[in-house]
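# Observations on chain architecture
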Amino acid sequence: GAVVSQHPSWVICKSGTSVKIECRSLDFQATTMFWYRQFPKQSLMLMATSNEGSKATYEQGVEKDKFLINHASLTLSTLTVTSAHPEDSSFYICSARDRKGSANYGYTFGSGTRLTVV
Amino acid sequence: TQLLEQSPQFLSIQEGENLTVYCNSSSVFSSLQWYRQEPGEGPVLLVTVVTGGEVKKLKRLTFQFGDARKDSSLHITAAQPGDTGLYLCAGEEGGFKTIFGAGTRLFVKA
C-alpha cells in the first residue's frame, strides 16, 4: 500500500532557530500534500496545502512566512518552521494521496513529527 | 467551509461492549473517510465511503454513509482493548480538501 515517510519523528530546538520537516511519498506520486498540526488530545488542524511546482495554499490564520512550504517534486514536500518559539511546539503531520488515485483510496499520513521548542 | 460534528468526544467502555460513533454535517460530502490514530502516530485509514447508504464492514467494525451523504457512523461490536485510540472522520470537499471531525477518543478496558 501507499507509504508516506515523515522525518524527523521528533526534534527539539532552541527558540529562534528554524526546523525543517520532510514528507516523502515512497511508492507513489503526489501533486498535492497536506500539512496538519495537532495539539494534545485534539483533532487535526489543516495548516496548508502543498502543491507541486507552485505556491502552497495556507489556511486562514496560518502565517505563510513562518511556516514555509516547498513542494519541489512529486514525492517530496517540506515544512520549515522559521524562528521557532515555544508556542510552535506541537505534533505536525503530513498526508498525501496518489495523484492517480480516486476518492476511494483516502489519504496516507506520515507518522508525524513532535516538535519541542525550548 | 463545511463542518463535521463528531460524537461522542470521549468514550470509556468495558471489553465486549458495543459502541457507535457519529459524524454529522449539514452539507454534502463527495466521500467520507474514517481513520484511527494512536498516540505519537499519524492517522491510519480504516475505510472510505462514497455512495449514499453505503455500508462497509471491517471485521468487527461497521461503517455506514447516510443516504444524503451528510452523515456517517462507525459501529464497533464486542470492543477489545486493541480498539483503543482516537477515531477521526474526515469528509472530502471538492478539490481534494478534507475536513476532519474533532475525533472520538475511545478507551476499552480489559
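It should be emphasised that the depicted structure is a prediction, and the values quoted were computed from it without experimental measurement. (Residues numbered from 1 in each chain as written. Chains lettered and ligands numbered in written order. Predicted model: local features only at pLDDT ≥ 70, side-chain atom pairs only at ≥ 80, totals over all residues. Heavy atoms only, no water.)

## Here we look at the overall build of chain A
Looking only at helices and strands, one finds zero helices and 11 strands in chain A. Counted from the first residue to the last, chain A has its helices and strands arranged as β-β-β-β-β-β-β-β-β-β-β. Over its C-alpha trace chain A gives a radius of gyration of 14 Å, about what one expects of a compact globule, namely 13 Å for 118 residues. A buried classification covers 52% of the 118 residues belonging to chain A. Within chain A, counting contacts between residues at least 6 apart in sequence, those at least 24 apart form 55% of the total. In the form shown here, chain A has an accessible surface area of approximately 5800 Å², with 50% of it arising from carbon and sulfur atoms. Within chain A, one finds 12 positive and 9 negative side-chain charges whose respective centroids are separated by 2 Å. (Helix = DSSP H or I, 4+ residues; strand = E, 2+ residues; numbered from the N terminus. Rg over C-alpha atoms; globule rule 2.2 N^0.38 Å. Buried < 20%, exposed > 50% of the residue type's maximum accessible area, 1.4 Å probe, protein only. Contact = heavy atoms within 4.5 Å. Areas by Shrake-Rupley, 256 points an atom, 1.4 Å probe, with all protein chains shown as cover. Lys, Arg positive; Asp, Glu negative; His and termini not counted. Charge placed at Lys NZ, Arg CZ, Asp CG, Glu CD.)

## What about the sheet that holds strand β8 (residues 76-81) of chain A?
Residues and elements named next belong to chain A. The strand order across the open sheet formed by four strands is β1-β3-β8-β7, and the pairing between neighbours is antiparallel. Only two strands of the sheet have a single partner each, and these edge strands are β1 (4-7) and β7 (67-73). Between one strand axis and the next, the sheet turns through 15° on average, direction left out of account. Here six bridges tie strand β3 (residues 19-25) to β8, and the two strands are oriented antiparallel to one another. By the bridge assignment for β8, Arg24 is matched with Leu76. (Pairing = 2+ DSSP bridges. Axes fitted to C-alpha atoms, helices over the stretch in contact; angles between N-to-C directions.)

## Side note on the nonpolar core
Counting 24 residues, the largest nonpolar core has A:Trp35, A:Phe67, A:Leu79, A:Tyr92 and A:Leu115 as the members making the most contacts within it. Elements supplying a minimum of two residues to this core: β2 (10-13), β3, β4 (32-38), β5 (44-51), β7, β8, β9 (90-96) and β11 (113-117) of chain A. Counting residues in each nonpolar core, the second largest holds 21 residues, with B:Leu4, B:Val47, B:Phe63 and B:Ile76 among its members. (Core = buried A, V, L, I, M, F, W, Y, C linked by side-chain atoms within 4.5 Å.)

## Quick notes on the pattern of salt bridges
Per the stated rule, a full pass over the model turns up six salt bridges over all chains. For A:Glu22, the salt bridge is made with A:Arg24, and the minimal N-O distance between the two is 3.6 Å. Judged by its relative accessible area of 24%, A:Glu22 falls in the partly exposed class. For B:Asp83, the salt bridge identified is with B:Arg60, shortest N-O distance 2.9 Å. One end of the pair, B:Asp83, is in the loop between β8 (71-76) and β9 (85-92); the other, B:Arg60, is in the loop between β6 (55-58) and β7 (61-65), and 23 residues separate them in sequence. Residue class for B:Asp83 comes out buried when judged on its relative accessible area of 5%. (Salt bridge = Lys/Arg side-chain N within 4 Å of Asp/Glu carboxyl O.)

## Some remarks on unusual backbone geometry
Cis geometry is adopted by the peptide bond preceding A:Pro8, which originates at A:His7 and carries an omega value of 0°. Following the sequence through the fold, A:Pro8 ends up in the loop between β1 and β2. Look at B:Lys59: it is not a glycine, yet its phi comes out positive at around 55°. Of note, B:Lys59 is situated in the loop between β6 and β7. For B:Lys59, a relative accessible area of 85% puts it in the exposed group.

## A look at the packing of aromatic side chains
Within this structure, the stated rule accounts for eight aromatic pairs over all chains. Ring geometry for B:Tyr35 and B:Phe100: centres 5.8 Å apart, planes at 40°, overall tilted. In this pair, B:Tyr35 is assigned in strand β4 (residues 31-37) and B:Phe100 in strand β10 (residues 98-100), connecting sequence segments 65 residues apart. B:Phe100 matches B:Tyr35 in its accessibility class, with the two residues each being buried. Through pairs of rings, three or more aromatic residues link up here, namely A:Tyr36, A:Phe109, B:Tyr35 and B:Phe100. (Phe/Tyr/Trp six-rings, centres within 6.5 Å; stacked < 30°, edge-to-face > 60°.)

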